[in-house]
Amino acid sequence: MLTNVNAEIISIGTEILLGELTDTNSVFIARTFRDLGINIYFMTSVGDNESRIVNAIQLGMSRAQIVITCGGLGPTIDDMTRQSVATATERGLTFHQNLYDQIAERFAGFRVKMTENNRRQAFLPDDAVVIENPVGTAPSFIVEHGENIVISLPGVPREMKFLLQEKVVPYLQQKYQLGIIKARTLKTAGIGESTLDDLLGDALLNSGNPSIGLAAHSGQIDVRITAKADNESLALQMIEKMELSIRERAGQFIYGADEDRLENVFVDTLAQNQLTIAIVEAGFSTGIVETIRKVNADILALSETYGIIDDFYTAYSVDNTTSIRDLSTHVAQKIQAETGVVAVIVIISDPNLDEASDNVEGTVVTVQSADDVRTRVYGFGGKSELARLWVSSWSISAAWQMVRGLYASK
């Protein structure tokens, strides 16, 4: 019988709240717990303040059987996790001579003098399960408190990952009868989030297990299917059944799954149908051409095979009588008529503009085929990184949808 276990992750460190450090540890822990079949409903970041850390741990214990903290196990005065866990679980601290000796031995091995403040790291909450740290100087621990357990790991990613995988996961597998959670992500393009939501319908979107979640990107929507079961085989069967239902409703917009990338699928579609496209970029550093190039290291063969116009970087000057939108549409129509390619992508940015509101024509993308044209206007200009990142995703998405609709059956 599957055991339903919930966990909460608490990342500790003021540097996280100040934006000086990206919290990758919580993501890694969440993925590890997902694969163990442990539910994660809350993640918390808290600064180096003992009372707030205590409150976060106590709140976590009220919502989940497992609370796992990351960080705050160092030797300095602002490393408060040990005392905070002890306070939250109503116990004191015990000094472990063997841990202190291990820390001293590690410093000696580095030929570095150990300072007295490292002694703090050998104090752990009373009756804690010791997790010795062979890859660092911060011993970790597990406190069993009634129906709860509190697991404290170092904030150094290498140390955290090692201890989590080598020590914590076996402990949890032994303590709980865990199932497994598997996930699959279907990748869609050429459809908006609200339209896809409506197409899938409430019955699918509100299903409990497997569950469905939508994540929107520029021009693309991910549909994540997550199933929890006693074993991997059953979880995969549940996912496959749900995937079939999704494909029946929105299959024409699905280009791949999991690690599939739209640019790869797009180039493959062109190759399979012996099609050519034209790309024009102006006013910013290369975006979509660079993205397409990465699909194949042999860029010259790629350019010759698919007819990509990758040297068409004319610095357009836009005066008061010609809008960027009009210019983009005109260039796309002209190239499509003269070359007969299956699709033309034209991206033009104001090279002197960074960020502005979307009622300003900072960047215009036009995707033109013989039977269809789509245009997207952005407020950012050529000085913005978004001009390179966002337009590539949206333009490839629109072009793929046009090409697929016209030629996928051939």
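All values reported here derive from a predicted model rather than from experimental measurement. Residue positions are given per chain, counting from 1 as you read along its sequence in written order. In view of the model being predicted, local features appear only for residues whose pLDDT reaches at least 70, and side-chain atom pairs are presented and counted only at 80 or more, with totals across whole chains, interfaces and linings using the full set of residues. The basis for every side-chain value is the complete set of non-hydrogen atoms in the structure, without hydrogens or water.

### Some words on the overall build of the protein
- Numbering of helices and strands runs from the N terminus; a helix is a DSSP stretch of H or I covering at least four residues, while a strand is a stretch of E covering at least two. Each helix and strand counted, the protein has 14 helices and 16 strands in total.
- Residues are treated as being in contact if the distance between any of their heavy atoms lies within 4.5 Å. Here the analysis covers contacts within the protein between residues at least 6 apart in sequence; of these, 70% occur between residues at least 24 apart.
- Entry remark: accessible area of the protein is about 19,900 Å², with carbon and sulfur atoms responsible for 48%. Residue exposure ignores everything except the shown protein chains as possible cover, and the areas themselves are Shrake-Rupley values with a 1.4 Å probe.

### Comments concerning unusual backbone geometry
- Located in the positive-phi region is Asp 127, a residue other than glycine, with phi close to 65°.
- Mapped onto the elements of the fold, Asp 127 is located in the loop between β5 (123–125) and β6 (129–131).
- Judged by its relative accessible area of 72%, Asp 127 is exposed.
- With a phi angle near 55°, Asp 258 is a residue other than glycine that sits in the positive phi range.
- Within the fold, Asp 258 resides in the loop between β12 (254–257) and α10 (262–272). Relative accessibility decides the category of a residue: with a 1.4 Å probe and only protein chains considered, values under 20% of the type maximum give buried, values over 50% give exposed, and everything between is partly exposed.

### Section: the pattern of salt bridges
- Salt bridges are identified by distance alone: a Lys or Arg side-chain nitrogen within 4 Å of an Asp or Glu carboxyl oxygen. Here the structure, examined in full by the defined rule, presents eight salt bridges.
- Measuring nitrogen to oxygen at the nearest pair gives 2.6 Å for the salt bridge that ties Arg 63 to Glu 8. Of this pair, Arg 63 sits in helix α3 (residues 50–63) while Glu 8 sits in strand β1 (residues 5–12), placing them 55 residues apart in sequence.
- Its salt-bridge partner being Glu 243, residue Arg 184 comes within 2.5 Å of it at the nearest N-O pair.

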